[in-house]
Amino acid sequence: MINSIYLENSIREHPKARSILSRFPKANVLPCEHYKEVFNPAGQNFRLQKKNPALILAKQTGKLLHSIPPSYGVGGSRNFYFSHLLNCLYDCRYCFLQGMYPSAHFVHFINSEDFMSVIKQTTEESEEPSWFFSGYDCDSLALESITGFAGEFLPFFSKLPNAWLELRTKSANLQVLENQTPFDNVVIAFSFTPEEIGKQTEWKVPPLDSRIRAMKKAASMGWKVGWRIDPVIDSTDFKKRYEELFDSLLCNLPIQQLHSVSLGAFRMPSGFFKKMEKTYPSEPLFAGKLEKRAGMMAYEKNLEKDRLTTCENLLLQRIPKELLFSCKSPVV
Amino acid sequence: MNLVVALQKEANPIIQAYGLDKEQGCPLPFYFKENRRLIISGIGRARVSAATAYLMGRFPEKNQPWLNLGIAGHGSLNTGQMFVAGRIIETGSSQCFYPPQIITSEVPVSELTTCGKPQKKYQPNMGYDMEAHAFYQTACLVSTRELVQVLKVVSDNPKQPISQFKPEQASKWIEAKLPEIDHWITELTEAALSIKPNPEINKLLSRITQRGGFSTTRSLQLGSLLRQADALGEDLGALEGMLTDVGSPKQMLAEIEQILSNKRTLP
Ligand code: SF4
């Protein structure tokens, strides 16, 4: 799966780097001074690299934690995200990563100790609970077999009760959750789209039914589970498809195990969108009923409102109001 | 596919294998057949830059595959073994290239140093040539980095230093690697095709705008609508037919918008 690995010179002897390298004895390993030398140059093609992405092992020496707006959270007032990984194993056509990053290589920051220290310090700065979102620049669990991220961070968060961790994923392989006693301050947030839409937009993603089974299993083990209905994608039979999705989710999850549901329409900074459209000129999703509003590409205003209201109503017929959080795009 | 090769002896097996014809009257030896082109640059940074730039000028289409092929020294690999450059540095330069490796292949990926003169000292896991860095730098001006690659066959190493190298061996080594070279040429060509926009869109765009009356803004809008029509599965020939009698550019844009409006929702 990984044929090429770039390794920052400064972490050549880091035990975690050595351990990852030992799992890919056949990979070609190349040195680099800084991951940005490989990752950042202009003139790369995300689509071509997605065929065979390399792994870059690096140390994050820049900012480790970033704030996110409260409207993107699920009830907390102190919200941060951090990235142990840039890019994703899966290939969702609506994913903003393909517009944001010049390269599709996986960059894994191995200095988890530094992330942990800043998370601990930030948590201790306030009595308010702090939320830490790990699936902003990647899928939190899809590359667990390489990164060992959750295996390391779950025990850490279990000892930090005032800090909440969201693991956001489309993975169906939750082995790592079985190896850990469930605890309260973590949410396993599964992203879902109706099956017919997923088949047109989500490549390399495990099938919907296996992800629903994984969700059911996680809940049965005692983990808190979230649904992330984001991005909402317009399609024919919109209401019927989303209704069926919500019904099958609810069928497989006792409501008391549901921590939160978040809802957000497809939206994208227009610069990212432009790049994505250029990368995939034949993609029907990008020729949808979209418009530019205040620097963002989004569904036409009335359509967006209608689709979000439809989902909101469908959800509120099924779940308590307190569990639903709407991610508002900057323009509504 | 554009192949840039330093020496005639390195190029001969490729010319024969693909049946390339020599073009007369070129400033540099140039061979071609259909979309395969090979130029013989001569040795060194300046010559390879000039040869690459020459091909770029003659065939200016963007995102074509480019391959620099030839022999090189190496600190660890055996003579006759082929490698692909995964990191290209140059003596005296801080600029470093990492050609993204998208082709699945058994060929090892190695670092490569481009030097001003033949190297007699070898470091482990390092290749040595005299062209790759300049080639890469130049070809990347017109092509995405994944499509620009450097393949080298080892001609000398610490056990068989360059002083023992006989130029006629170059052809034999390259010839022995033809199946792998062909794999790279095929894969890179397919990769380039996979990102090539539908050429019919631009042809249609220019046919319509030639009718006159299109401002720059309206031409851009038309181009964007035609791309969307193609993405939505609209038959461009049929679309052109529907637009034959449409009057002004403004009406035409409105007409296409109308045709597409009920196709814009995902099925
Ligand atoms: S799973 Fe998430 S991060 Fe991965 S490609 Fe899809 S949208 Fe992007």
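The rules we used
Residues numbered from 1 in each chain as written. Chains lettered and ligands numbered in written order. Predicted model: local features only at pLDDT ≥ 70, side-chain atom pairs only at ≥ 80, totals over all residues. Heavy atoms only, no water. 1 Å grid on protein atoms, 1.4 Å probe; cavity = no way out; pocket = protein on both sides within 12 Å on 5 of 7 lines; lining within 4 Å. Points joined across faces, edges and corners; volume = space filled by probe spheres on them. Helix = DSSP H or I, 4+ residues; strand = E, 2+ residues; numbered from the N terminus. Nonpolar A, V, L, I, M, F, W, Y, C, P; charged D, E, K, R; others polar. Phe/Tyr/Trp six-rings, centres within 6.5 Å; stacked < 30°, edge-to-face > 60°. Buried < 20%, exposed > 50% of the residue type's maximum accessible area, 1.4 Å probe, protein only. Lys NZ or Arg CZ within 6 Å of the ring centre and 35° of its normal. Domains from an automatic or database assignment. Contact = heavy atoms within 4.5 Å. Buried area = accessible area lost by both parts, 1.4 Å probe. Salt bridge = Lys/Arg side-chain N within 4 Å of Asp/Glu carboxyl O. Polar contact = N/O pair within 3.5 Å; in protein donor to acceptor, adjacent residues only side chain to side chain. Near = heavy atom within 4 Å. Sits in = over half its atoms within 2 Å of the grid points. pLDDT = per-residue confidence, 0-100. Expected span 1.5 Å × (residues − 1). Arc of directions from axis to C-beta. Pairing = 2+ DSSP bridges. Axes fitted to C-alpha atoms, helices over the stretch in contact; angles between N-to-C directions. Lys, Arg positive; Asp, Glu negative; His and termini not counted.

(A) Examining the layout of surface pockets more closely. All names here are of chain A. Estimated volume of the second largest pocket: approximately 860 Å³. Phe96, Gly135, Tyr136, Arg168 and Asp230 are, among the 34 residues lining the second largest pocket, the residues nearest its centre. Where the lining of the second largest pocket is concerned, the elements lending two or more residues are strand 7 (91-92), helix 4 (97-100), strand 10 (163-169), strand 13 (224-232) and strand 15 (267-269). When grouped by side-chain class, the residues that make up the lining of the second largest pocket number 21 nonpolar, five polar and eight charged.

(B) Just the packing of aromatic side chains, in detail. Following the criterion strictly, the structure yields 28 aromatic pairs over all chains and no others. Measuring from ring centre to ring centre gives 5.2 Å for Tyr35(A) and Phe109(A), while their planes differ by 80°; the resulting arrangement is edge-to-face. Here the residue Tyr35(A) occupies a position in helix 2 (residues 35-39), and Phe109(A) occupies one in strand 8 (residues 106-109), the gap between them amounting to 74 residues. For the residue pair Tyr35(A) and Phe109(A), the accessibility class agrees, reading buried in each case. Centre to centre, the rings of Tyr122(B) and Tyr128(B) are 6.0 Å apart; their planes meet at 80°, and the pair counts as edge-to-face. No difference in accessibility class separates Tyr122(B) from Tyr128(B), as the two residues are buried. Arg93(A) extends its terminal NZ or CZ atom over the ring of Tyr280(A), reaching a point 3.7 Å from the ring centre. Over the aromatic face of Phe59(B) sits the side chain of Arg37(B), whose NZ or CZ is 3.8 Å from the ring centroid.

(C) Highlighting the domain arrangement of chain B. Annotation of chain B at the domain level lists domain 1 (2-194) and domain 2 (199-261). Between the C-alpha centres of domain 1 of chain B and domain 2 of chain B the distance comes to 42 Å.

(D) Looking closely at the interface of chain B and chain A. Between chain B and chain A, the residue contacts involve 29 residues of the former and 38 residues of the latter. Counting the surface lost from both chain B and chain A, the interface buries some 2,800 Å², and carbon and sulfur atoms represent 56% of this. A per-residue breakdown of the area chain B buries against chain A is headed by Tyr98(B), Leu266(B) and Pro267(B), which together make up 25% of the total. Where chain B packs against chain A, one counts zero salt bridges. Here chain B is connected to chain A by 14 residue pairs in polar contact (both at pLDDT 80 or more).

(E) Representation of the site of the ligand in the model. All names here are of chain A. In the vicinity of the ligand, the contacting residues are Cys88, Tyr90, Asp91, Cys92, Tyr94, Cys95, Leu97, Cys138, Asp139 and Lys170. Assessed atom by atom at 2 Å from the grid points, the ligand resides in the second largest pocket. Of the residues assigned to the shell around the ligand, the class counts are seven nonpolar, no polar and three charged.

(F) Examining the confidence of the model for chain B more closely. In this model, chain B carries an average pLDDT of 96, and 100% of its residues clear a pLDDT of 70 or more. Note on the complex model: pTM 0.96, ipTM 0.96.

(G) Region of interest: helix 2 (residues 45-58) of chain B. All names here are of chain B. In this model, helix 2 (14 residues) spans 20 Å end to end at C-alpha, consistent with the 20 Å of a helix rising 1.5 Å per residue. Those residues of helix 2 not exposed but buried are Val48, Ser49, Ala51, Thr52, Leu55 and Met56. The buried side chains of helix 2 occupy one side of the element, clustering within an arc of 165° when seen end-on. In helix 2, the exposed positions angled more than 90 degrees off the buried face are occupied by Ala46, Arg47 and Gly57.

(H) Structural detail: the sheet that holds strand 14 (residues 258-265) of chain A. Residue and element names in this part refer to chain A. Taken in spatial order, the eight strands make up an open sheet running 4-5-9-10-11-13-14-18, and their pairing is mixed. In this open sheet, the two strands that pair with only one neighbour each are strand 4 (66-67) and strand 18 (324-326). Sheet strands touched by helix 7 (residues 149-158): strand 9 (130-133), strand 10 and strand 11 (186-191). Its angle to strand 10, the strand with the most contacts, is close to 155°.

(I) The arrangement of the side chain of Lys170(A) in detail. Residue position: Lys170(A) is located in the loop between strand 10 and helix 8 (175-178). Of the side chains with opposite charge, Glu202(A) lies nearest to the buried Lys170(A), which makes no salt bridge, at 4.3 Å.

(J) Layout of the sheet that holds strand 16 (residues 290-293) of chain A. Residue and element names in this part refer to chain A. Strand order in the open sheet formed by three strands is 15-17-16, and the pairing between neighbours is antiparallel. Only two strands of the sheet have a single partner each, and these edge strands are strand 15 and strand 16. For this sheet, the mean inter-axis angle between neighbouring strands, taken without regard to orientation, is 25°. Sheet topology note: the strand 15/strand 17 (residues 296-299) ladder contains three bridges and is antiparallel. Across the sheet, the residue bridging to methionine 268 is methionine 297, located in strand 17. Contacts from helix 12 (residues 270-279) reach strand 15, strand 16 and strand 17 within the one sheet, and its direction differs from that of strand 15 by about 100°. Of the strands in this sheet, strand 16 and strand 17 touch helix 13 (residues 301-316), which is tilted by about 60° from strand 17.

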